[in-house]
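Close look at the chain arrangement
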Amino acid sequence: MRPTPAIRTCAEDLLAAHAAERYAIIGMLAAQEALAQSGFSAQNEAEAEASGVFWGTGMGGSSTLEGGYVDLFLEGKTRIRPMSVVAGMNNAAASQIALRYQFKGTVNNYSYACVSSAQAIGEAYRHIHHGYADRVLAGGSEALLNYGVVTAWDSMRVLAPADSAHPKRSCRPFSADRNGLVPGEAAKSNSFAFGGSNVSLIVQQFHDA
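So, here's what we can say about the structure. Computed from a prediction, not measured in an experiment: that's the story for all the values here.

Looking now at the overall build of the chain. Of regular secondary structure, the chain possesses 8 helices and 5 strands. The helix and strand sequence of the chain, counted from the amino end, reads α-α-α-β-α-α-α-β-α-β-α-β-β. With 209 residues in all, the chain has 39% of them scored as buried. If you sum the accessible surface of the chain, you get close to 11,600 Å²; carbon and sulfur atoms cover 56% of it.

Dropping the structure here:
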């Protein structure tokens, strides 16, 4: 399933206004796909207040922060973009998703490095299981391919060198001869709902950037 023109327009507008960063945008796209496949939308205020968003990200708005530092320290500007705080916060994706789909219940953000999204999904399950919500959109997104972050990873000497013969094989995390990691950009969203005495996973959707 491809994102609708409406969500694409919204994403483009947010990017143009520097009001959201790439990790938040691809998170919105994944959220839209998950909700569309689950068939759910909040039809009234009660349903909206019983719907939450649990989202994970490791470094969130790192590109916004880097852009601000470039403006101040390299280009000598006296101020940075007005929406830098809104776009650069780690909870920006969760907030944008909740606002876009009018999920007015609990909105939680989790930032625990590589397990951020897994933590969000697990806590979403517990949230529904204990009766705090009827449905939760849970997942995570990451888009940290900027100079500062990649250089920081490289400084730890954990990045995999390029395989000149087979570039696509540079990333092989489950191979016995693996020699490092390769950063990427992606978002994943799951829609959980409460039915009877069970919490069911309605849909799982992966949006690869």
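Time to look at the nonpolar core. Soluble globular proteins tend to pack their nonpolar side chains together in the buried interior. With 20 residues, the main nonpolar core has Val-53, Ile-97, Phe-103 and Leu-137 as its most contacted residues. Elements with a contribution of two residues or more to this core: helix H2 (22-38), strand S1 (51-56), helix H6 (92-101) and strand S3 (135-143). Sorting elements by how many residues they give to this core places H2 first, with 7 residues. Leave out the neighbours within four places in its chain, and Ile-97 touches Gly-27, Met-28, Ala-31, Val-53, Trp-55 and Leu-137. Core analysis: the next-biggest nonpolar cluster, separate from the first, contains 9 residues, Tyr-110, Ala-124, Val-136 and Phe-192 among them.

Where burial is concerned, most of S1 is hidden: 6 out of the 6 residues are buried. In the sheet, S1 pairs with S3 via 6 bridges, with the strands oriented parallel. Following the sheet pairing, Gly-52 is matched in S3 by Val-136.

Attention shifts here to helix H7 (residues 116-129). In a regular helix each residue adds 1.5 Å, so 14 residues correspond to 20 Å; H7 covers 20 Å between its end C-alpha atoms and thus fits that length. Among the residues of H7, those classed as buried are Ser-116, Ala-120, Ala-124, His-127 and Ile-128. The arc enclosing the buried residues of H7, seen along the axis, measures out at 100°, which places them on a common side. Following H7 by one or two positions, Gly-131 has its phi on the positive side, about 85°.

Take Glu-185: it is sitting in strand S4 (residues 185-195). A relative accessible area of 16% places Glu-185 in the buried class. At 2.5 Å, the side chain of Glu-185 and the side chain of Arg-22 are in polar contact.

Attention shifts here to the side chain of Glu-21. By the element assignment, Glu-21 lies in the loop between helix H1 (5-16) and H2. Put simply, Glu-21 is tucked away with no salt bridge, and the nearest opposite charge, on Arg-81, sits 8.5 Å away.

A side chain of one charge can pair with a side chain of the opposite charge if their charged atoms are brought near each other. Summed over the entire model, instances satisfying the criterion amount to 7 salt bridges. Measuring nitrogen to oxygen at the nearest pair gives 3.4 Å for the salt bridge that ties Glu-123 to Arg-126. Pair noted here: Glu-123 and Arg-126 are both in helix H7, with a separation of 3 residues, about one helical turn. Since its relative accessible area comes to 24%, Glu-123 is described here as partly exposed. Classification of Arg-126 as partly exposed rests on a relative accessible area of 48%. The shortest N-O distance in the salt bridge between Arg-172 and Asp-177 comes to 3.3 Å. Among the ionic contacts, a cluster of salt bridges with common partners joins Asp-71, Glu-75 and Lys-77.

Rules used throughout
- Residues numbered from 1 in each chain as written.
- Predicted model: local features only at pLDDT ≥ 70, side-chain atom pairs only at ≥ 80, totals over all residues.
- Heavy atoms only, no water.
- Helix = DSSP H or I, 4+ residues; strand = E, 2+ residues; numbered from the N terminus.
- Buried < 20%, exposed > 50% of the residue type's maximum accessible area, 1.4 Å probe, protein only.
- Areas by Shrake-Rupley, 256 points an atom, 1.4 Å probe, with all protein chains shown as cover.
- Core = buried A, V, L, I, M, F, W, Y, C linked by side-chain atoms within 4.5 Å.
- Contact = heavy atoms within 4.5 Å.
- Pairing = 2+ DSSP bridges.
- Expected span 1.5 Å × (residues − 1).
- Arc of directions from axis to C-beta.
- Polar contact = N/O pair within 3.5 Å; in protein donor to acceptor, adjacent residues only side chain to side chain.
- Lys, Arg positive; Asp, Glu negative; His and termini not counted.
- Salt bridge = Lys/Arg side-chain N within 4 Å of Asp/Glu carboxyl O.

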